[in-house]
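Close look at the chain arrangement
These are the residues of each chain, in order.
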Amino acid sequence: MNDPGPSTRPEDGSNEARLEAVLESISDGFYALDPDWRYVIFNRAAEDYFGVSRDQVLGKVMWDLFPQGRGGAFERACRLAMDERIGSQFETPSRARADRIVELRILPMRDGGVAVSLSDITDRRRIEDALRASEARLELATKASGLGVWEWNIVTGEMIVSPRAREIWGFSPEQVVKIEDIQRTAHADDGPEIVALSRRALDPKVRDTSPYEYRAPQPDGAMRWVRAQGEPVFDPESGAAIRYVGTLADVTAERTAAQDLRTSEARLRLAMEAGGTAVFLLTAGSLQGSPELNRLLGLPGEATPSMQEINAGYLPGELERMQEAYREAVATGARKVEVEYRYAWPDGQVRWLLLRGEINRTPEGVPRYVLGVLMDITERRESEERLKLLAREVDHRANNLLTVVQATVALTSAPTADGLKEIITGRVSALAHAHQLISEARWRGAELRRLVEEELRPYRLGAEGRVRFDGPDVTLSPQSAQSAAMALHELATNAAKYGALSSPAGEVSVVWTVAEDQVALVWTETGGPRVVAPTRRGLGLNMLQRALGGASGGEAALDWRESGLVARLSLPLPPSFLGKLFRLR
């Protein structure tokens with residue numbers, strides 16, 4: 001570092017004293033470094049900020065005292081000032097105090113060193129950040145709510161209108177808006193009322209800040225409904241209103257929805273009257289209902305029956321059943337109760353009624369009332385009974401047909417004689433079992449567990465431990481159920497003749513699982529005679545493959561292990577079961 005030497009001018013001493021006084025008086029930290037990075041000036045504000053005295057730093061190399069400052073923006077700015085005499089100003093987190101943010105000003109000095117001024121701007125930044133966050137929240141809130149914001153300076157006449165408010169009023173982004181322009185946006189019939197309401201708000205004696213709605217015709221001929229609400233600001237000395245600040249909302253959709261609701265309620269009343277549906281409100285000892293309720297109870301429209309008179313129409317046991325359903329709903333915390341019951345009209349007719357109600361409770365969970373609907377379902381119940389009779393008749397005829405087929409095949413002459421007859425009879429019987437299960441399920445399918453149980457029942461009598469099966473509850477489609485029945489029959493017949501079930505010590509295990517859209521069933525035989533894989537495909541194996549293939553879409557794989565046959569069957573799941581499976585997941 002070049003030493004400029006002592007000053008030869010007498011005024012230099014006084015200048016230095018004045019400079020030192022100035023540096024000591026400023027609130028910003030200030031220090032200077034010579035070209036060798038040694039501290040040559042360190043004012044009181046810098047002492048307070050860094051927590052060291054000037055005696056501890058003057059003449060010392062900065063990097064020895066504050067090594068954490070190396071390698072960053074600060075060092076680069078200092079070198080730029082030293083080498084190229086270019087100053088810098090920037091904000092940065094303090095490396096001396098990690099919780100603070102500083103604004104640095106770095107200037108070159110004549111001797112090749114640098115002067116550094118720092119201002120702690122942490123509090124200012126926090127205030128600015130809080131202000132920006134508040135403005136962002138306000139903007140987000142107004143956007144989310146669809147509100148526009150406006151402000152009228154009554155003294156100067158200036159109007160400040162947010163973009164959303166401009167959109168609602170129909171002003172372009174660049175248009176200079178005046179209060180007269182806003183007044184002209186209102187429908188001619190609503191204008192005078194808006195002016196009167198505004199005057200009430202700006203009157204120091206009234207100060208009415210109630211919201212008001214009015215119509216705003218659009219250029220395309222559409223009618224928009226607008227809701228405005230303002231808050232006046234009054235001069236504390238004169239008491240006169242000097243500003244009017246408020247919000248603006250497009251309530252067209254709300255108005256339209258309210259009108260649609262009124263229309264919908266009118267249509268609902270007509271539909272309930274036409275459809276024979278009544279609305280009721282049931283409280284302790286009191287029943288209120290729509291006019292249709294009397295008709296559903298077989299009473300004149302003008303009647304006002306008591307609860308005792310209404311209860312007299314329930315058939316024996318029906319009122320108690322309804323009360324039990326209500327008590328169960330209350331006990332379990334259920335919101336809704338639904339009961340179908342029989343009710344006798346005064347003229348002797350018996351009607352089926354459906355009650356659907358929602359239980360309203362206090363915050364403590366105590367029931368207050370039941371609000372619901374009552375419908376006459378007599379025709380539906382009678383139709384259901386007719387369908388049940390018809391379905392039973394169809395089932396009976398189908399079973400008769402299968403029995404006839406079974407008998408016909410059993411009596412048919414064939415070159416293979418009794419052996420073939422026995423095989424065919426068994427297969428038809430398996431189909432009959434499957435058909436019976438499918439019929440019980442109203443032709444929606446059959447449970448796999450029932451199919452396995454029915455087919456293996458003869459081999460479990462007196463020795464249940466020989467045959468074990470396990471798996472989840474699965475309902476197969478009618479097609480897959482018939483295929484599974486045939487496959488199980490073939491496997492059981494083979495096991496009884498040649499496999500595990502032909503030996504007293506033999507056992508059969510049937511386990512199935514559900515994966516994706518398939519049921520995987522594994523048939524495992526153990527403890528039977530030593531198994532030798534067949535050299536050709538027999539009639540039973542062919543029947544097994546055909547039963548699972550074709551329209552059912554299943555597959556079969558046979559593993560002829562020495563310890564016993566292991567058969568792996570795959571069957572597709574019906575779409576209805578898949579829907580339940582995915583809902584469970």
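Now for a quick tour of the structure.

Criteria and thresholds
Residues numbered from 1 in each chain as written. Predicted model: local features only at pLDDT ≥ 70, side-chain atom pairs only at ≥ 80, totals over all residues. Heavy atoms only, no water. Salt bridge = Lys/Arg side-chain N within 4 Å of Asp/Glu carboxyl O. Helix = DSSP H or I, 4+ residues; strand = E, 2+ residues; numbered from the N terminus. Buried < 20%, exposed > 50% of the residue type's maximum accessible area, 1.4 Å probe, protein only. Axes fitted to C-alpha atoms, helices over the stretch in contact; angles between N-to-C directions. Parallel < 35°, antiparallel > 145°, perpendicular 65-115°, else oblique. Left-handed = near helix turned anticlockwise from the far one by under 90°. Contact = heavy atoms within 4.5 Å. Nonpolar A, V, L, I, M, F, W, Y, C, P; charged D, E, K, R; others polar.

**What to know about the pattern of salt bridges**
If you walk through the whole model with that rule in mind, you get 40 salt bridges. In this structure, Arg 184 engages Asp 181 in a salt bridge whose closest nitrogen and oxygen atoms are separated by 2.5 Å. Of the two residues, Arg 184 and Asp 181 both sit in helix H8 (residues 179-184), 3 residues apart, roughly one turn of that helix. Its relative accessible area of 16% is what places Asp 181 among the buried residues. Of the charged contacts, one joins Arg 321 and Glu 318 as a salt bridge, the two residues approaching to 3.1 Å between their closest N and O atoms. Of the two residues, Arg 321 and Glu 318 both sit in helix H13 (residues 318-332), 3 residues apart, roughly one turn of that helix. Overall, Arg 321 belongs to the partly exposed group, its relative accessible area being 37%. Several salt bridges share partner residues, and in doing so they unite Glu 24, Arg 44, Glu 47 and Arg 54 into one network.

**Details of the packing of helix H16 (residues 448-460) against helix H17 (residues 478-497)**
Relative placement of two packed helices is described by the angle separating their axes and the distance separating the axes. Running from N to C, H16 and H17 point in directions that differ by 20 degrees, and their axes come no closer than 9 Å. When the axis of H16 is compared with that of H17, the two are roughly parallel. Seen from above, H16 lies across H17 with right-handed handedness. The segment H16 lies against H17, with Leu 451, Val 452, Glu 455, Leu 456 and Tyr 459 engaging Ala 481, Ala 484, Ala 485, Leu 488, His 489, Ala 492, Thr 493 and Ala 496. A per-class count over the contact of H16 with H17 returns 10 nonpolar, 2 polar and 1 charged.

Remember that the coordinates give geometry; whether it matters functionally is a separate question.
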